[in-house]
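Notes for the structure review
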Amino acid sequence: MSIDKNTVKKVARLARIRISDDEVDVLSGELSKILAMIGQLNEVKTDGVEPMTSVIEMQMPEREDKVTDGGIPEKILANAPEQTAGFFVVPKVVE
Amino acid sequence: MKNLTSLTIKEALAGLKKKDFSAVDLTEAHIKATEAARHLNCYILETFDIARKQAAASDARYAKGEARLLDGIPIAMKDLFCTEGVQTTAASNILKGFKPPYESTVSGNMFRDGAVMLGKANLDEFAMGSANITSAYGNVINPWKRKSDDKPLVPGGSSGGSAAAVAARIAMGATGTDTGGSIRQPASFCGISGIKPTYGRCSRFGIVAFASSLDQAGPFARSAEDCALLLQSMAGYDSKDSTSVNCPVPDYASTIAQGVKGLKVGVPKEYRIDGTNPEILKLWERGVEMLKDAGAEIVDVSLPYTKYALQTYYVIAPAECSSNLARYDGVRFGQRVEGDNLIDTYEKTRAAGFGKEVKRRILIGTYVLSAGYYDAYYNKARRVRKLIWQDFIEAYKKCDLLLTPTAPTAAFAIGENMQDPVTMYLNDVFTIPASMAGMPGMSVPVGLSADGLPLGLQLLGKPFDEATIFRAAQAIEKAANFTALPQLAQARAA
Amino acid sequence: MAHALLKGETGDWEIVIGLEIHAQVLTKSKLFSGASADFGGAPNAHVSPVDAGMPGMLPVINKKCVESAVKTGLGLNAQINKYSVFERKNYFYPDLPQGYQISQYAHPIVGNGEIEIDLADGSSKIVGIERLHLEQDAGKSLHDQHPTKSYLDLNRSGNPLMEIVSKPDMNSAEEAAAYVTKIRAILRYLGTCDGNMDEGSMRCDVNVSVRKPGAALGTRCEIKNVNSIRFVAQAIECEAKRQIEVIEGGDKIVQETRLFDTKAGTTRAMRSKEEAHDYRYFPDPDLLPLKLEQDFIDAIKKTLPELPDAKKYRFMKDYGLSVADASTLISEKSRADYFEAAVKGNDAKLTANWVLTELLGALNRAEKDLGDSPVSATQLGGLVALISDNTISGRIAKEVFAEMFATGKNAAAIVEEKGLRQVSDTGAIEKIVDDVLKNNPDKIAEYKSGKDKLFGFFVGQVLKQSGGKANPGMVNELLKSKLDKA
Ligand SMILES: [Mg+2]
Ligand SMILES: [Zn+2]
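Residues numbered from 1 in each chain as written. Chains lettered and ligands numbered in written order. Predicted model: local features only at pLDDT ≥ 70, side-chain atom pairs only at ≥ 80, totals over all residues. Heavy atoms only, no water.

1. Quick notes on the packing of aromatic side chains
As a reminder, the rule being used: In summary, the pairing rule links any two rings of Phe, Tyr or Trp, Trp by its six-membered ring, whose centres are within 6.5 Å, and it sorts them by plane angle into stacked for under 30 degrees, edge-to-face for over 60 and tilted for everything else. Numbering of helices and strands starts at the N terminus; helices are DSSP runs of H or I of at least 4 residues and strands are runs of E of at least 2. Each residue's exposure class comes from its accessible area (1.4 Å probe, protein chains only) as a fraction of the maximum for that residue type: buried when under 20%, exposed when over 50%, partly exposed otherwise.
Overall, the coordinates contain 32 aromatic pairs over all chains when judged by the stated rule. Look at B:Tyr328 and B:Phe354: their rings are 6.5 Å apart centre to centre, the planes differ by 85°, and that puts the pair in the edge-to-face class. With B:Tyr328 in the loop between helix 10 (309-324) and helix 11 (342-353) and B:Phe354 in the loop between helix 11 and helix 12 (356-369), this residue pair connects regions lying 26 residues apart in the sequence. Assigned by exposure class, B:Tyr328 and B:Phe354 land together as buried. Summarising the aromatic geometry, the rings of C:Tyr447 and C:Phe455 are spaced 6.5 Å apart at their centres and angled 35° between planes, so their arrangement reads as tilted.

Below is the structure:
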């Protein structure tokens, strides 16, 4: 299995990472090598094996419905690249 | 009296208690050593002011007889742990200047216990790497040098700054995180001890996530006992992490000296893989002998799916990372590169903010999760992961511990092993299986290579049974009597 | 009921509608963080570092949300899944701080169910529920504050939502509106969502397609975030018309998300959603599967109140109400409760009429909710009792009610005060009847010669002279016998 340049571009777009044409060439080679390695998984028979998400075998903990956080807008905004009047600011979004 | 920077944590705590020296003395000695070792680039941010304040507070507690578990012990904090009000970068450009408004549970636990933070330790960007050469803040240099040449060596990764700092005796201990070997492999490369506890033992709250189902915090130190002490502080249930397990943390120090008599140690044949340095295999045999001599019973075990662990890892870890790193978009924190419109801003921000390795993994992860490939890669890998986990469960029916090499090689020079990403990934071939299964694992320094570099062995234990790992680690430590020092620390000792 | 078909140039068309309702779970805090889930607040005040997607932050689920989802599932007569999984839906958008929405995909907490919807003609219809799952709400982008920037408030980010997905079982705007009405009633009965559509605690995505009757399903369009029941109906009608025109014009429907422009009364494609989506769902590794015990489900089942449909059938059975009256009464729990308090000891049909016509009418004109009604249920019951025991006539009752509504006084007090008690004294009424007959000999002659309609005239005259207080039944009786003898 290899990843062609178009696929690299498509995936980069999905991941919102701008890549130059030069990078596309390099990445296509590198990602194909990685894919070839992980492709070895096809040798493994996994019929009837349940996919594993977590090694933890317990009940998921639940919290009480209480307000224990928030009320710290200045801290939430403290690292913002751009903010005004308590809002984060981003280039205009078209709906 | 010994040089303060060459003490173990246990020795330092005893000295502090006896008032042989103060916490401020201890901290100043480490600050001085750090300043002299800046060329190693162990820290992204030195936090000497904080350290001095914390040390003074420790002294006040010693004066009142209220000293805590780690009071006055200077440590390095991997810059993946969010520290309130103190820049936390994950070694990435995208987080340059980011000051979290919260404290990670693990760093908070250590501060509660009196630990002194010397700085935020360098690492591979977002903990993705095995050589600490992907940091946006420069490579970390291993304090060890090989006999054959003078080339700067890598400390291993991703917790390279932490491991190098402890090995160079500029910190007494350090925090690390281990997703596929990021504590164990650098511990081996730097000739120190490091343990990745059972997944769920330490809270992940406040640790910049790489791969959530694998990430686990753990300590580095220069003895098994010191590691146990640090883990004692770091570990514990945390209601803020849904994958934190509410399982009491035993008093590791009380059992660590019990030795290995009567323990069954498994030697998995599948770890004897092609291309492993014969030196490593010999070291492994020596380790087996040491445990046997100390009274352990050696049993052969088989972990047949181990050989697919690396492949499994390189599906699951990138998949999770591609999603975990989506939040770095230049909107709410971190660096932003302004574009013509929103998507342009996203793409430019992430292109400039992430390094090559991080991008590779995000792209691989995005690919394996995307429509049409999900079952072939992601679900397949999750199924194989189950088989790997089952291997361990089966093996632990026959033994209490497993002994394997930590890494297939000793530390290599910057620039070596870099033909392609896959070659680099092979570094973690021995550490990844336990990561996939969530099992605890520790690297202990055992000997030197012919070229004068440290080599470690890996002890793997049953879930939440770090106590037994520590016992075996101390037994190996005694038998191996690993006293070699990196050149840098030798010079200081002389 | 037969499907409402739309006429096109090429014949009849059938509309097929499915709805996704996002209902905010009524909680104090968010689905995965301890920040307040309240509506409003200063920008970014109800935000924890978890909701802002900050590095290293982790989700921990709110117990109340799990309970509410199960409760709602039971209220929708649906399958409760003992094993469900939270997955990440990955996409980039500024109001989505984590870069993914934690939702449920392959394994939702609630599976198939069904509800009954009540239509205006008194008929009802079963609509299937596909699933209900828990998920996080997104933040809010403000696009109109700056010419080149959008502003972002994350207060809503991470709020707990139940997404209730219907089967494509509806075929008219009316049915869709009835469905939303019924879902809202169920949520309110259960107390799991306040159903407040203008504050956004209930929002609808409407999937619309058209087809020739009997043909395979057409391509659907999804109209996003419709925020009132009236707009749901309007959006469906204009979207169906648009689709028919497109197809009849020889074009194809493109599957897309659209927005309903409430002012123009049209739908338009959303530009931001043009790009093909690949959400890369996968189980959230920060969470564990949600496993429910049967005991837990049973315990919640025990707390369920009587639900709208059960109440409807009980009203029909116990009170002998028509399906239309029962449906209207149960559509709001407060209304049903009001009726049940007012009907105690009274005639049910009469009480229902007074609640549905007089009371709701007056409230509507005064732009008041039932909760703010100046006339309490007991007071209305008192008024109905006075009508039933002939203390006042229906006509006088309206006058009394108006006074009650204006002053909040009891009916009996107003009747006493104003002397509105109905006259049922035979002698007094006889006297008025005699007067009326004496003053209208010509009308009597006409009546006798066959103009039966004049009977009404005599009744009217008698009532008028009595000031409306004469018992109409007795007036009828006396007039009839006296006219026969005259
Ligand atoms: Mg939808
Ligand atoms: Zn939804």
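2. Overview of the confidence of the model for chain B
Note the following rule: Each residue carries a pLDDT score, the predictor's own confidence in it, on a scale running from 0 to 100.
On average, residues of chain B score 96 in pLDDT, and 99% of them are at 70 or above. Model confidence for the complex is summarised by a pTM of 0.92, with the ipTM given as 0.97.

3. Some words on the sheet that holds strand 12 (residues 454-461) of chain B
All names here are of chain B. Which entries qualify depends on this criterion: Two strands make a pair as long as DSSP finds a minimum of two bridges between them. Orientation is described by lines fitted to C-alpha atoms, with helices fitted over the stretch in contact, and by angles between N-to-C directions that extend from 0 to 180 degrees. The contact criterion used throughout is that any non-hydrogen atoms of two residues lie within 4.5 Å.
As summarised here, the arrangement of the 11 strands in space is 1-3-2-4-6-5-11-12-9-7-8, forming an open sheet in which the pairing is mixed. The open sheet has two edge strands with one neighbour each: strand 1 (43-46) and strand 8 (297-301). Between one strand axis and the next, the sheet turns by 30° as a mean value, whatever way the strands run. Taken together, the five bridges between strand 2 (residues 74-78) and strand 3 (residues 116-121) define a ladder with parallel strand orientation. Residue Ala-76 lies in a different strand from strand 3, and its bridge partner there is Gly-119. Running over the sheet, helix 7 (residues 224-234) touches strand 2, strand 4 (173-178), strand 5 (193-196), strand 6 (216-221) and strand 11 (441-448) and is turned about 145° from strand 6.

4. A short note on the coordination of the magnesium ion (ligand 1)
All names here are of chain C. Inclusion rule: The rule for donors is simple: N, O or S, within 2.8 Å of the metal, or within 3.2 Å if the metal is Na, K or Ca. Water isn't counted, so a site may look like it is missing partners.
On the protein side, the magnesium ion (ligand 1) has Glu-20 (OE), Asp-205 (OD) and Glu-222 (OE) as donor atoms, found 2.0 to 2.7 Å from it. Counting along the primary sequence, the residues that act as donors to the magnesium ion (ligand 1) give the motif E-x184-D-x16-E. In this structure, the magnesium ion (ligand 1) lies 4.9 Å from the zinc ion (ligand 2). Of this pair, Asp-205 sits in strand 12 (residues 202-211) while Glu-222 sits in strand 13 (residues 221-226), and the two are 17 residues apart along the sequence. Since its relative accessible area comes to 2%, Asp-205 is described here as buried.

5. Brief notes about the pattern of salt bridges
Side chains carrying opposite charge are able to pair once their charged atoms draw close together. Convention followed: Here, a salt bridge means any Lys or Arg side-chain nitrogen found within 4 Å of an Asp or Glu carboxyl oxygen.
Overall, the coordinates contain 64 salt bridges over all chains when judged by the stated rule. Residues B:Arg146 and B:Asp149 are paired through a salt bridge, measuring 3.0 Å at the closest nitrogen-oxygen approach. The exposure class assigned to B:Asp149 is partly exposed, which follows from its relative accessible area of 25%. Two residues, C:Arg242 and C:Glu239, come together in a salt bridge whose shortest N-O distance is 2.8 Å. Of this pair, C:Arg242 and C:Glu239 both sit in helix 3 (residues 229-248), three residues apart, which is roughly one turn of the helix. A residue is classified by how much of its surface remains accessible, and C:Arg242, at 21% relative accessible area, is partly exposed. Here the salt bridges share partners, and the residues they tie into one network are A:Arg13, A:Arg18, B:Asp344, B:Glu347 and B:Lys348.

6. A word on the pairing of strand 5 of chain B
Successive side chains on a regular strand alternate, one facing one side of the sheet and the next facing the other. Residues and elements named next belong to chain B. Across the two faces of strand 5 the burial is the same, with Ser-193 and Ile-195 and Gly-194 and Lys-196 all buried. Note: strand 5 against strand 6, two bridges, orientation antiparallel. Each bridged residue has a counterpart across the sheet, and for Gly-194 the counterpart in strand 6 is Phe-220. Pairing between strand 5 and strand 11: three bridges, direction antiparallel. Paired with Gly-194 across the two strands is Ser-443, which belongs to strand 11.

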